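# Structural overview
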Amino acid sequence: MKKIIISVLSAALVFASCQKEAAPVSSGSSEVSFTATIPQTRTSFAPKDGDSYPVLWTGDEKVGVSYNFAAKQSAAVAASADGKTASFEVAFEATADVTDHNFYAVCPYSAFVSASAKYSSLTIEIPSTQTPVDGSCDEAAQIIVAKHESSSFDEKVKFDFNHVVAYGNLSVKLPSGVSGISSITLSSEEDIAGRIFYYPADGSYQVSTNSTSITLNTDKTSEVFFACLPVDLSGKSLKVVVAAGGNTYTKNIDLTGKTLKFEQGRVSKFSVDMSGVSADAKVVYNLVTDPTTLKVGDKVIIAATYKEENYALGTSGTTFRNAAPITVSEATIVNPSDAVEVLTLAKGIEDNTCAFMAGTDYLCASTEDKNNLETQTTLDKYGSFRVTYSDGVTTIKSKGKSTRNIVKFNYNNGAPRFSCYSSGQVDVVIYSDGKGTGAQLFSTAVDAPSTTPTYSSLAELVKAGEPTGGNVNVTLTNEEIRSIYTTASGYRNGIFLQAGDREIEIYCKDVPADWVVGGTVSGTLKDCTWTTFNSTWELCPASWSELTYKAPAGGGVTGNWTRVTTVAELLAGGTFIIGYEATAKSGVIIPMANTGSASTDATGYIYSGSSASSGGKETIYISSVSETSNYEVTIVPSTSVSGAICIKLGANYLGNTNTKNNCQLFTEEAATTAFTPTVGDNDVFTLTIEANDSYNTLQYNAGSPRFAVYKATQKNVVIYKKNK
């Protein structure tokens, strides 16, 4: 249970700790049990008890938990009958060879966006739209965090939650004759909601995507609870807008000489008297179904509908715009909140284009071909948009060279946004006040059909001359991948093909993981952008789905290496490469290195991938790889266990003493270094230390790229022998 101890205007929320106990399970993971007593999470306020509001677990909660800032996991909360205690469990596998074993929890799970090991931070979303319930705030907004940091993977852990947000308790006195409210919106010049980077080390945070308003969907006018970022509005201003009976009523409150603070983990109680406030003049924005009606000077709203909820492009964001909830009635928006960006239409730099002005800046697509919606101070093609309407769909498309040039709505797992994409996502619409007095922006509602140049081969396309910047159709037939474009961050965002003496890049994000150099691609790219980037000729499809891939021929004798298919070949000994093969018999493997963190003095693991100094997922094509010294191991028959082999890395033997998911090097052969091989389908080998009853199988861990001895829970291997 958590308590809110309230004074006249504010209250400190006081919560006790959570207890966490860990118990081993048989899968090689640890199932960590978290028990919360007098909890500090988003729960519900119980009826007031003297000077306090008890806050109880409801049992409907989900908690997000991260281990060492890795990907979050969801855990359902089980609450006691009286709501005073709760528990939840999550299974984790202890990471080998790390000095820290830290847990971080966020409740509710919906507020936990992600965790970053690089920045030691948690990304948390404080919703700008909340639905309070009787006597309590929206559970989705009542956000707390907890941490437990230790040098060991503890079996018993104390977990103390702390509040991220502040709380408000608002009462509103309505104007005479006004009733039946539907919402209350609070706005200020300060950030009061949005996405933050939270740093558990010291409890500080940094605003990532801000919101200066919060909308409370409620029909109550007293004791309306809400959550917000900690903020001091003393001496500043607060705008309150009440929606009732189809009208809005606005009061701007000057807080000069007055105190209004929302402090972390405390409740501030205040009231607003709106007596005498008249209904706001109605500003109406109508749905646009004919772009030819748009004029210079029109005020417009870009909006979208997702699962029967309506959103408008918001006022905050630098690489995208946040989404602000709106009310749409009979294809109109009336008096949108301050969270909505009302844009002014201007003429684009080309005929039949417009610019969307946010103040004095222009919305624009990214010049770097990213899924961004940005602003810039000058107008160019990236900020000039063609608006079309056909078959009920509005398209807002930038004239810049970026392939990610269509304004779309992305719900983004509960963190909705507007940005530019090449395809997919949710279509947008435009609402306009129709009051512009300038020139007509569009002469037609749709573009005239155009004939896309079509080429039967890559060679024919290249022969036609330099890229035009327009779209083409081109058919590829068994074009060999010569190299793969990999960014500095390790992302595979393109493949290079060859047509005569001209190198052509197929540029598109996220090259499929099994595509490797030497493989071939076939298919027809339709309406594909044909352009130049830094002197490189590029085809830029929307996705890889139009191409089919054929892996390089694998298996059998492949250059200097022969695929091992029998146990007898291993028992004969020699020089080998061990690896993981995602596509059966492709000859494309993630190799096991002959180095790693394991040594004769300490347990660890063996590196994977093409780097000799770290674990990775890089592949090699066994038939064409030239340098193999980093992957070569020696296999000899075991003298300790009949039918087993020993794997030597240099002069030492690879093994495991049945302790954990790791491995170690040994100077002498023993039963714990003897692997008994068996071969299955597609020449996949299982290498088992028969002397160990738990940690006994040499495998590849795809989740944390490495090779080690596991409880047979990871990926088995293929083996190639060096030809004499």
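Residues numbered from 1 in each chain as written. Predicted model: local features only at pLDDT ≥ 70, side-chain atom pairs only at ≥ 80, totals over all residues. Heavy atoms only, no water.

Before going further, it helps to spend a moment on the overall build of the chain. What the chain contains, in helices and strands, is 2 helices and 64 strands. Within the chain, contacts between residues at least 6 apart in sequence are counted, and of these 63% link residues at least 24 apart. For the chain, the accessible area works out to roughly 31100 Å², and carbon and sulfur atoms hold 47% of it. (Helix = DSSP H or I, 4+ residues; strand = E, 2+ residues; numbered from the N terminus. Contact = heavy atoms within 4.5 Å. Areas by Shrake-Rupley, 256 points an atom, 1.4 Å probe, with all protein chains shown as cover.)

Next up on the list: the sheet that holds strand S21 (residues 213–217). Taking strand neighbours across the sheet as the criterion, the 5 strands line up as S14-S21-S18-S24-S25 in an open arrangement whose pairing is mixed. Looking at which strands have only one partner, the edges of the open sheet turn out to be strand S14 (129–130) and strand S25 (247–254). Both strand S24 (residues 237–244) and S25 contribute to a ladder of 8 bridges, which runs antiparallel. Counterpart to Val242 in the pairing with S25 is Tyr249. (Pairing = 2+ DSSP bridges.)

Here we come to the pairing of strand S48 (residues 536–540). Among the 5 residues in S48, 4 count as buried, and that is most of the element. In terms of strand pairing, strand S47 (residues 520–533) meets S48 through 5 bridges, oriented antiparallel. When the bridges of S48 are listed, Thr531 appears paired with Glu538. Between S47 and the antiparallel strand that follows it, S48, lie 2 residues; Asn534 among them carries a positive phi value of about 50°. (Buried < 20%, exposed > 50% of the residue type's maximum accessible area, 1.4 Å probe, protein only.)

So, on to the sheet that holds strand S12 (residues 112–116). Taken in spatial order, the 4 strands line up as S12-S13-S19-S20 in an open sheet, and their pairing is antiparallel. The strands lining the two open edges of the sheet, one partner per strand, are S12 and strand S20 (204–211). This sheet shows a mean twist of 20° between the axes of neighbouring strands, independent of strand direction. For strand S19 (residues 193–199) and S20, the ladder comprises 7 bridges, and the chain directions are antiparallel. From the neighbouring strand, Tyr198 faces S20, where its bridge partner is Tyr205. (Axes fitted to C-alpha atoms, helices over the stretch in contact; angles between N-to-C directions.)

The biggest cluster of nonpolar side chains holds 51 residues, and the ones touching the most others in it are Ile124, Leu238, Val240 and Phe262. Top element by residues in this core is strand S22 (residues 224–228). It accounts for 5 residues. Sequence-distant contacts of Ile124, that is, excluding residues within four places in its chain, are made with Val106, Ala111, Val113, Ile143, Val145, Val164, Gly194, Arg195, Ile196 and Tyr198. In terms of nonpolar packing, the next biggest core, distinct from the first, is built from 32 residues, Val564, Leu570, Leu649 and Leu665 among them. (Core = buried A, V, L, I, M, F, W, Y, C linked by side-chain atoms within 4.5 Å.)

What follows is about the confidence of the model for the chain. Summary statistics for the chain give a mean pLDDT of 85 and a share of 89% for residues scoring 70 or more. Contacts for the low-pLDDT stretch residues 1–44, under 50 throughout, to residues beyond four places or in other chains number 192 contacts. (pLDDT = per-residue confidence, 0-100.)

Here a ring pair, both rings aromatic, is described through the centre-centre distance and the interplanar angle of the planes. Counting across every chain of the model gives 18 aromatic pairs. Judged by centre distance (5.1 Å) and plane angle (20°), the ring pair of Tyr311 and Phe409 falls under stacked. One end of the pair, Tyr311, is in strand S30 (residues 309–313); the other, Phe409, is in strand S39 (residues 406–410), and 98 residues separate them in sequence. Each member of the pair, Tyr311 as well as Phe409, is classed as buried. Aromatic side chains Trp515 and Tyr549 sit 5.2 Å apart centroid to centroid with 15° between the ring planes, which places their arrangement in the stacked category. Residue Trp515 is located in the loop between strand S46 (502–507) and S47, and its partner Tyr549 is located in strand S49 (residues 548–550); the two are separated by 34 residues in the primary sequence. As far as burial versus exposure is concerned, Trp515 and Tyr549 are alike and both buried. Taken together, the aromatic side chains of Tyr306, Tyr311, Phe409, Tyr411 and Phe418 make up a single cluster linked through ring pairs. It is Lys72 that lies over the ring of Tyr109; its NZ or CZ is 4.6 Å from the centre. In this structure, Arg417 packs its charged tip against the face of Phe320, placed 3.6 Å from the ring centre. (Phe/Tyr/Trp six-rings, centres within 6.5 Å; stacked < 30°, edge-to-face > 60°. Lys NZ or Arg CZ within 6 Å of the ring centre and 35° of its normal.)

A separate point is the pairing of strand S52 (residues 574–580). The buried count for S52 comes to 5 of 7 residues, which makes it a mostly enclosed element. As judged from the 3 bridges shared by S52 and strand S56 (residues 633–637), these two strands associate in the antiparallel manner. Paired with Gly574 across the bridge in S56 is Ile635. Of the strand pairs in this sheet, S52 and strand S64 (residues 718–722) are connected by 4 bridges, and their pairing is antiparallel. Counted as the bridge partner of Ile577 is Tyr720 from S64. As paired strands, S52 and strand S53 (residues 588–596) are joined by 2 bridges and run antiparallel to one another. Across the sheet, Gly579 pairs through a bridge with Pro591, a residue of S53.

On to the side chain of Ser608. Assignment of secondary structure puts Ser608 in strand S54 (residues 606–608). Among the residues examined, Ser608 registers a relative accessible area of 0% and is labelled buried. Here the side chain of Ser608 touches Arg706 through a polar contact of 3.4 Å, landing on its backbone nitrogen. Beyond its immediate chain neighbours, meaning those up to four positions away, Ser608 contacts Ile590, Pro591, Ser614, Gly615, Gly616, Glu618, Tyr700, Pro705, Arg706 and Phe707. (Polar contact = N/O pair within 3.5 Å; in protein donor to acceptor, adjacent residues only side chain to side chain.)

Right, let's get into the pattern of salt bridges. Pairing of side chains with opposite charge becomes possible as their charged atoms draw close. The full count for this structure, using the stated rule, is 16 salt bridges. One salt bridge in this structure joins Glu368 and Lys370, with 3.1 Å as the shortest N-O distance. Classification of Glu368 as exposed rests on a relative accessible area of 52%. Among the salt bridges present, the one from Lys722 reaches Glu632, with a minimum N-O distance of 3.2 Å. In this pair, Lys722 sits in strand S64 while Glu632 sits in the loop between strand S55 (620–621) and S56, placing the two residues 90 residues apart along the sequence. On the basis of relative accessible area, Lys722 is assigned to the partly exposed category, the value being 35%. Bridged by salt links that share partners, the residues Arg563, Glu581 and Asp683 form one connected network. (Salt bridge = Lys/Arg side-chain N within 4 Å of Asp/Glu carboxyl O.)

Further remarks concern the side chain of Asn493. In this fold, Asn493 is placed in strand S45 (residues 492–499). Given the relative accessible area of 7%, Asn493 is considered buried. At 3.3 Å, the side chain of Asn493 forms a polar contact with the backbone nitrogen of Asp510. Leave out the neighbours within four places in its chain, and Asn493 touches Tyr485, Thr487, Glu505, Ile506, Tyr507, Cys508, Lys509, Asp510 and Val511.

Within the fold, Ser116 resides in strand S12. When the C-alpha atoms of Ser116 and Ala70 are compared, they prove to be 7.1 Å apart, with 46 residues separating the residues in sequence. The contact partners of Ser116, leaving out residues within four places of it in the chain, are Phe69 and Ser121.

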